[in-house]
Amino acid sequence: MKLILFSGFVGSGKTVLILSLAQKIIEENKKNAPNLVIIENEVGAVGIDDKVLKSGGYDVKNLLEGCICCTLQANLVTTLQEVMKNKPEYIIFEPTGLAYPSNIIETVTRFSKMEEVCVVAVVDVSRFSALIKVTPGLITDQIVAASYIILNKCDLATKEKIQEVHRQVEEINKTAPIYEMAAREMVPDGVWSEIL
Amino acid sequence: MKCMRRLKAKKHTSTLYGKTDEAAAVYSFEKNMVCHKSIIGAELTQQYCVVMEGLCQTWAKRGGMVGHLKLFLESEEKETLWLSSVGEEVTINQSHGWQNSAMTGYTLSMTAIVLLVPKKQLIEDVENSLLMHFKK
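If you're wondering where the values come from, they're calculated on a predicted model, not measured in any experiment.

### What about the layout of surface pockets?
By volume, the largest pocket amounts to about 720 Å³. Around the largest pocket, the lining comprises 43 residues; the ones closest to its centre are Gly11 and Lys153 of chain A together with His68, Ser85 and Val86 of chain B. Elements supplying a minimum of two residues to the lining of the largest pocket: α1 (14–27) and β2 (36–42) of chain A together with α1 (41–61), β3 (65–75), β4 (80–85) and β6 (102–115) of chain B. Here the lining of the largest pocket takes four residues from β3 of chain B, the largest share from any one element. Considering only enclosed or pocket space, the second largest pocket measures out at about 450 Å³ in volume. If you go around the second largest pocket, you meet 21 residues; those closest to its centre are Leu19, Val52 and Ser55 of chain A together with Trp82 and Asn93 of chain B. Of all the secondary structure elements, the ones that give two or more residues to the lining of the second largest pocket are α1 and α2 (49–55) of chain A together with β4 and β5 (90–94) of chain B. With four residues, α1 of chain A is the largest single contributor of residues to the lining of the second largest pocket. Looking at the lining of the second largest pocket residue by residue, the class counts come to 10 nonpolar, nine polar and two charged.

### What about the packing of aromatic side chains?
According to the stated counting rule, one finds four aromatic pairs over all chains in the structure shown. Where phenylalanine 6 of chain A meets tryptophan 192 of chain A, the ring centres are 6.2 Å apart and the plane angle is 65 degrees; that geometry is what we call edge-to-face. A residue pair is termed long-range when its members are at least 10 positions apart, and phenylalanine 6 of chain A in strand β1 (residues 2–7) and tryptophan 192 of chain A in helix α8 (residues 191–195) qualify at 186 residues. When the centroid spacing of 6.2 Å and the interplanar angle of 90 degrees are considered together, the rings of tyrosine 48 of chain B and tyrosine 106 of chain B count as edge-to-face. Here tyrosine 48 of chain B, found in helix α1, pairs with tyrosine 106 of chain B, found in strand β6; they are 58 residues apart in sequence, far enough to count as distant. Chaining the aromatic ring pairs together yields one cluster made of Tyr48, Tyr106 and Phe134 of chain B. Over the ring of phenylalanine 29 of chain B we find lysine 31 of chain B; its NZ or CZ atom is 4.5 Å from the centre of that ring.

Conventions used here
- Residues numbered from 1 in each chain as written.
- Chains lettered and ligands numbered in written order.
- Predicted model: local features only at pLDDT ≥ 70, side-chain atom pairs only at ≥ 80, totals over all residues.
- Heavy atoms only, no water.
- 1 Å grid on protein atoms, 1.4 Å probe; cavity = no way out; pocket = protein on both sides within 12 Å on 5 of 7 lines; lining within 4 Å.
- Points joined across faces, edges and corners; volume = space filled by probe spheres on them.
- Helix = DSSP H or I, 4+ residues; strand = E, 2+ residues; numbered from the N terminus.
- Nonpolar A, V, L, I, M, F, W, Y, C, P; charged D, E, K, R; others polar.
- Phe/Tyr/Trp six-rings, centres within 6.5 Å; stacked < 30°, edge-to-face > 60°.
- Lys NZ or Arg CZ within 6 Å of the ring centre and 35° of its normal.

Written as structure tokens, this is what we have:
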């Protein structure tokens, strides 16, 4: 059982990427049983992303009106334990874009027997410079905790801007592989295979 | 086009605080919308894009930063529209039948997450914009 946690600020493109990854997982599912559950967390009392994912036909659990890195930690643990009973091959977490992934990892590793946890940080290249000024602690934590980093929305930035963000992100997390893309157009071949 | 009135609304607001003084105001709600005459999905898409662009401009003028503004509309026939913006262009995703689907009602779900704008102001701006565009 593998947990894939998508971190990244609100609007960075996490839901679009999860739709792409979920499609890949379902396509490659060789079992007869469903092998994927998505756990959605939104700060608002009304979910939007869960509706989008459900309209794609995926199994989605909701955690609304709070954040699983702080106010909804207990709900996260009970939801995760419930989901794990059915032994899906993959669990995808989409926390709110205001979440500190290091807190979530701590909760998951302490209260569940998850075999493998990986964190995919999604960075909006076009807004990185502005966001790192307005909310530096959060953006840094989201990158530091990552096993893989996706520089998204590269179609909205110049080559120089992408290179500069790449350099800054690499300074924050020196070990995680970094992929550049415009996910709404296409996720490059091989990215999901490496992460899965 | 001013053709809709709101039937009932569930309103929720919250503000989340990070480890430092980083804060974002959040306004999230779901409303059942009723049209006085049939309207097609393409027209609604256009109207809501105008609403979203206007809100983003308003918050930019107020010195705010749009974290994420997103809408999800679902018609009686389960056709769907998903709009999202982080302050500039509006990204549009829709089900195959949405564009030409005629409807007299739909469910509107909306979440606005904005930095550097007070929560009260955020709510007022959203409500005023919806009233201006969709008042009876």
